[in-house]
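Below, each chain spelled out in residue letters.
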Amino acid sequence: MNKHTLYILFLGFLTFTTFLQFYLSIRQSRAVLKHRSQVPADFADTVSLEEHQKAADYTLAKQRFARCRIVFEALLLLVFTLGGGLNLLAALSMKFSDGPMTQGVLLIGLFALVNTLISLPLDVYATFKLEARFGFNRSSAGTFIGDRVKGLLLGAVIGVPLLYAVIYLMGITGSLWWLWVWLVWLGFSLLMLWAFPKWIAPLFNTFKPLPEGRLKEKIEHLLGRTGFKSKGIFVMDGSKRSGHGNAYFTGLGANKRIVFYDTLLEDMQPDEVEAVLAHELGHFKHRHIIKQMLITFVLALAVLYVLGKLMPEAAFYQGLGVHYPSHAMALLLFLLVLPVFTFPFAPLGSLMSRRNEFEADRYAAATASAQDLIAALTKLYRSNAANLVSDKWYSRFYDSHPGARERVAALKKAAAAKQP
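- Per an unreviewed UniProt entry, the chain goes by the name Heat shock protein HtpX and belongs to Neisseria zoodegmatis.
- The record in UniProt for the chain states the following under Subcellular location (unreviewed entry): "Endoplasmic reticulum membrane".

See below:
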């Protein structure tokens, strides 16, 4: 492949992906607007027209913002690549250091910093305008700034040693560098999964043990009969930043934790919280997380292998507007343009994720109560202003969870099957 072929391929895929994302967003907006005036029949008794219209308006506002972001990110990618942005960052990194490894780390660090600063106005608007308009933002300016400063510092503390190791291996291990880098990345990922609940998450949120009471008793009974062991059940101060509610479990091995957002517990009954947790445990019991990790690891190996083939080729850099080839530049450039070529395959990952959600729902219906999970999901739809209707093609590309109507219908079917 010569540089002109790659140049044309890149512009072609970027144009196609950008227009596809824009088109899907417009389809979603049209579908939501079409059903805005009437609550879907499955939710007519549980969701008011006012709540339904708020969710529709929230979705429409997010889609308008998403379309702006799609165009912005496409133009920003062009600035960094064909526009010479990466060349400028590479030249700056060479002014600060003579060593190729340090130059590489500086290049990636400068890119992360510049990209964060350029994207900051959009993040500010999303948090303090869009989310605030619909009553979801609870983040102060201090919390917002603090999160980003802590994120950059944490990225430096964790990322710099990793980058040095990766760039070093790329330079000394020959043509099989991609395999050695993958092994290091694999170990690093597993370490982060283990360390996240105890050492990283508390830097951003406060976690308190779930207080004694009926809810804790029900959860402990559920854990006992499902055989799930964890390091504790915690309540996270999600209300510090947002009015959205959620629940999850995190960690690896014996370091697993169950976490509820305080916003989730505000208006749910213990039986409903138990059903939500049963759904999360369904992911664990069906090994969804392990399967997703394995797929991620295999895909990462494939990505690094492809990069290993492209890195020695001068056309790889020249076709994307880069004049300073290096190991760090190859890594940064490849990861930067990769989403342009992979977005058309997004429905495959979304399909697998939705199937996992249906399977976890069936587990919750079998171990807890389908009706309680329906009630809990309905409350989440209302409190999160989640739209009850989606365009089918938008959903195929973007939705990691089944649509509200499909999900409730499947749960009702599971409840019927459970009855003697």
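Things to note about the UniProt feature "transmembrane region" (unreviewed entry) in the chain
Okay, so step 1: Per the UniProt record, "transmembrane region" (unreviewed entry) is annotated on residues 6–26, 70–92, 104–128, 149–171, 177–196, 289–308 and 328–346.
Okay, so step 2: Secondary structure within residues 70–92 divides into 83% helix and 0% strand; the distance between the first and last C-alpha atoms comes to 28 Å.

Notes on the nonpolar core
It is characteristic of soluble globular proteins that their nonpolar side chains tend to be buried jointly.
Okay, so step 1: Among the nonpolar cores identified, the biggest contains 45 residues, and Leu86, Trp177, Phe316, Tyr317 and Leu333 are the most heavily contacted of them.
Okay, so step 2: Here this core takes 10 residues from helix H12 (residues 327–342), the largest share from any one element.
Okay, so step 3: Leave out the neighbours within four places in its chain, and Trp177 touches Leu169, Met170, Leu304, Leu307, Gly308 and Met311.
Okay, so step 4: In this structure, Val39, Val47, Leu223 and Tyr381 belong to the second largest nonpolar core, which totals 39 residues.

Structural notes on the sheet that holds strand S4 (residues 257–261)
Okay, so step 1: Spatial ordering of the open sheet is given by S1-S2-S4-S3, a layout of 4 strands whose pairing is mixed. In this open sheet, the two edge strands, each paired with only one partner strand, are strand S1 (207–209) and strand S3 (247–250). Mean inter-strand twist for the sheet, computed between neighbouring axes without regard to direction, equals 30°.
Okay, so step 2: Here S3 runs beside S4; their pairing, made up of 4 bridges, is antiparallel. If you follow Ala247 over to S4, its bridge partner there is Phe260.

Examining the packing of aromatic side chains
Okay, so step 1: This structure, assessed with the given rule, holds 16 aromatic pairs.
Okay, so step 2: On the basis of an interplanar angle of 85° and a centroid distance of 5.6 Å, the ring pair of Trp185 and Phe297 is categorised as edge-to-face. On the criterion of sequence distance, the pair formed by Trp185 in helix H6 (residues 177–200) and Phe297 in helix H10 (residues 288–310) is long-range, its members being 112 residues apart.
Okay, so step 3: Given a relative accessible area of 28%, Trp185 falls into the partly exposed group.
Okay, so step 4: A ring pair is formed by Phe316 and Tyr317, whose centres lie 5.1 Å apart and whose planes are at 65°; its orientation type is edge-to-face.
Okay, so step 5: Here Phe316 falls in the buried class, since its relative accessible area comes to 4%.
Okay, so step 6: Three or more aromatic residues joined by ring pairs make a cluster, and in this case those are Phe343, Tyr394, Phe397 and Tyr398.

Thoughts on the environment of Asp267
Okay, so step 1: Here Asp267 shows up in the loop between helix H8 (262–265) and helix H9 (270–285).
Okay, so step 2: Along the chain, Asp267 and Ala376 lie 109 residues apart, while their C-alpha atoms are 9.4 Å from each other.
Okay, so step 3: For Asp267, the residues in contact, after removing those within four places along its chain, are Glu272 and Lys379.

Details of the pairing of S4
Okay, so step 1: Taking burial as the measure, the 5 residues of S4 include 4 buried ones, the bulk of the element.
Okay, so step 2: Note that strand S2 (residues 233–236) and S4 share 4 bridges and pair parallel. Residue Val235 lies in a different strand from S4, and its bridge partner there is Phe260.

Overview of the packing of H10 against H12
Okay, so step 1: Direction vectors running N to C along H10 and H12 enclose 120°, while the axes themselves pass 11 Å from each other. Taken together, the axes of H10 and H12 are oblique relative to one another. Where H10 crosses over H12, the two elements pack in a sense that is right-handed. Contact with H10, carried on its side by Val303, Val306, Leu307 and Leu310, involves Ala330, Leu331, Phe334 and Leu338 of H12 and no other residues of that element.
Okay, so step 2: Class assignment for the residues of the contact of H10 with H12 results in 8 nonpolar, no polar and no charged.

Things to note about the pattern of salt bridges
Okay, so step 1: Applying the stated criterion to the full structure yields 15 salt bridges.
Okay, so step 2: Between Arg69 and Glu73 there is a salt bridge, with the nearest N and O atoms lying 3.5 Å from each other. Linking Arg69 with Glu73, this pair stays in helix H2 (residues 49–80), spanning 4 residues, or about one helical turn.
Okay, so step 3: Residue classification places Glu73 among the partly exposed residues on the basis of a relative accessible area of 45%.
Okay, so step 4: For Glu357, the salt bridge goes to Arg407, with nearest N and O atoms at 3.9 Å. Residue Glu357 is found in helix H13 (residues 346–367), and its partner Arg407 is found in helix H16 (residues 404–418); the two are separated by 50 residues along the sequence. Accessibility assignment for this pair places Glu357 and Arg407 in one class, buried.

About the criteria used
Residues numbered from 1 in each chain as written. Predicted model: local features only at pLDDT ≥ 70, side-chain atom pairs only at ≥ 80, totals over all residues. Heavy atoms only, no water. UniProt positions renumbered as here; feature names shortened; annotations may be inferred. Helix = DSSP H or I, 4+ residues; strand = E, 2+ residues; numbered from the N terminus. Core = buried A, V, L, I, M, F, W, Y, C linked by side-chain atoms within 4.5 Å. Buried < 20%, exposed > 50% of the residue type's maximum accessible area, 1.4 Å probe, protein only. Contact = heavy atoms within 4.5 Å. Pairing = 2+ DSSP bridges. Axes fitted to C-alpha atoms, helices over the stretch in contact; angles between N-to-C directions. Phe/Tyr/Trp six-rings, centres within 6.5 Å; stacked < 30°, edge-to-face > 60°. Parallel < 35°, antiparallel > 145°, perpendicular 65-115°, else oblique. Left-handed = near helix turned anticlockwise from the far one by under 90°. Nonpolar A, V, L, I, M, F, W, Y, C, P; charged D, E, K, R; others polar. Salt bridge = Lys/Arg side-chain N within 4 Å of Asp/Glu carboxyl O.

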